[in-house]
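# Examining the three-dimensional arrangement
The residues making up each chain are set out below.
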Amino acid sequence: MKVNKVLVPVDFSQNAKRIVQEGFDIADKFGAEVHILFVAQVFQDYSEFFVPHMPVIQFEEDLLSRAREKMDEFIKENFDNCSSCKTEILTGDVAETILAYAEEKEVDLIVMGTHGYKGLEKILFGSVAEKVVKTAHCPVLTINPYK
């Protein structure tokens, strides 16, 4: 198997650093580039649940701006050697956006955590990792961050 590009979706949780480090370790073994992706769930996905108090466009702009800041902080605080990695902030359904990005960028391997929604939220929204594993065009390595 040839791996030129490794995609690591992040959620900026406490476990994100470990997952990204695993992605870097694998990429180093193959001489591959690393893509770190954060997907902000778009507000309109929840529009049926409640009415927003601020304009949706402003909310999404603020969300993207804060996500970019968070990505920069996350990389700066945790990874000195990220000059060759690519970072991206996108909006949309998290699993679908990860899958679309992986195909568009011709990613060879996705490395992601198994953690996420629990209980009722999982029933309502499903598991991002599960959706990605079941439908990705490339292999997906899932990591249980609690072990």
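Structure shown above.
A brief structural summary. (Residues numbered from 1 in each chain as written. Predicted model: local features only at pLDDT ≥ 70, side-chain atom pairs only at ≥ 80, totals over all residues. Heavy atoms only, no water.)

### Some details on the sheet that holds strand 2 (residues 33-40)
The following threshold applies: Strand pairing follows a simple DSSP-based rule, namely that at least 2 bridges must link the two strands. Secondary structure elements are taken from DSSP: a helix is a run of H or I of four residues or more, a strand is a run of E of two residues or more, and numbering for both begins at the N terminus. Axis definition: a line fit to C-alpha positions, over the contact stretch in the case of helices; interaxial angles, taken between N-to-C directions, run 0 to 180 degrees. Residues count as neighbours in contact if any of their non-hydrogen atoms are within 4.5 Å of one another.
Spatially, the five strands line up as an open sheet ordered 3-2-1-4-5, and their pairing is parallel. Edge positions in the sheet fall to strand 3 (86-91) and strand 5 (140-143), since each of these pairs with one other strand and no more. Taking each pair of neighbouring strands and ignoring which way they run, the sheet shows an average axis angle of 25°. Direction of pairing for strand 1 (residues 5-10) relative to strand 4 (residues 109-113): parallel, over a ladder of two bridges. Within strand 4, the position partnered with L7 by the bridge is I110. Along the sheet, helix 3 (residues 94-104) makes contact with strand 1, strand 2, strand 3 and strand 4, crossing strand 2 at roughly 150°. Along the sheet face, helix 5 (residues 128-135) touches strand 4 and strand 5 and points at about 160° away from the line of strand 4.

### Quick look at the pattern of salt bridges
Operational definition: Here, a salt bridge means any side-chain nitrogen of Lys or Arg that lies within 4 Å of a carboxyl oxygen of Asp or Glu. Buried means the residue's accessible area, taken with a 1.4 Å probe over protein chains only, is under 20% of the maximum for its type, while exposed means over 50%, and partly exposed covers the values in between.
If you walk through the whole model with that rule in mind, you get four salt bridges. Note that R66 is salt-bridged to E69, the shortest N-O span being 3.3 Å. Linking R66 with E69, this pair stays in helix 2 (residues 56-78), spanning three residues, or about one helical turn. Judged by relative accessible area, which is 40%, R66 ranks as partly exposed. Given a relative accessible area of 40%, E69 falls into the partly exposed group.

### Some points on the pairing of strand 2
Stated precisely, the cut-off is as follows: With the strands pointing away from the viewer, any crossover whose connection runs clockwise from the first strand over the helix to the second is right-handed.
Across the eight residues that make up strand 2, a large majority, seven, are buried. In this view, the connection linking strand 1 to its parallel neighbour strand 2 by way of helix 1 (residues 16-30) has right-handed handedness. Relative to strand 3, strand 2 is paired through six bridges, and the arrangement is parallel. Within the sheet, the bridge partner assigned to I36 lies in strand 3 and is T87.

### Notes on the nonpolar core
The tendency in soluble globular proteins is for nonpolar side chains to be buried side by side. Worth spelling out the cut-off: Buried residues of nine kinds, namely Ala, Val, Leu, Ile, Met, Phe, Trp, Tyr and Cys, make up a nonpolar core once their side-chain atoms join them within 4.5 Å.
In this structure, V10 and I36 are the most contacted members of the largest nonpolar core, which totals 28 residues. Elements with a minimum of two residues in this core: strand 1, helix 1, strand 2, helix 2 and strand 4. The dominant element in this core, judged by the number of residues it contributes, is helix 1, at six residues. Setting aside its immediate chain neighbours within four residues, V10 contacts A16, V20, I36, L37, F38, M71 and F74. Among the nonpolar cores identified, the runner-up in size contains 16 residues, and A95, Y101, V132 and A136 belong to it.

### Some points on the packing of helix 3 against helix 5
What counts is decided by this rule: Should the near helix be turned anticlockwise from the far one by less than a right angle, the crossing is termed left-handed; should it be turned clockwise, right-handed. Gly counts as polar in this scheme, as do all residues outside two lists: the nonpolar Ala, Val, Leu, Ile, Met, Phe, Trp, Tyr, Cys and Pro, and the charged Asp, Glu, Lys and Arg.
Where helix 3 meets helix 5, the axes come as close as 9 Å, and the angle between the chain directions of the two elements is 35°. Here the hand of the crossing between helix 3 and helix 5 comes out right-handed. Contact residues: helix 3 offers V94, A95, I98 and L99, while helix 5 offers V128, K131, V132 and T135. The class makeup of the residues in the contact of helix 3 with helix 5 is six nonpolar, one polar and one charged.

### Quick look at the pairing of strand 1
Burial within strand 1 is extensive, with five of its six residues counted as buried. Pairing geometry for strand 1 and strand 2, over six bridges, is parallel. Bridge pairing in strand 2 places K5 opposite E33.

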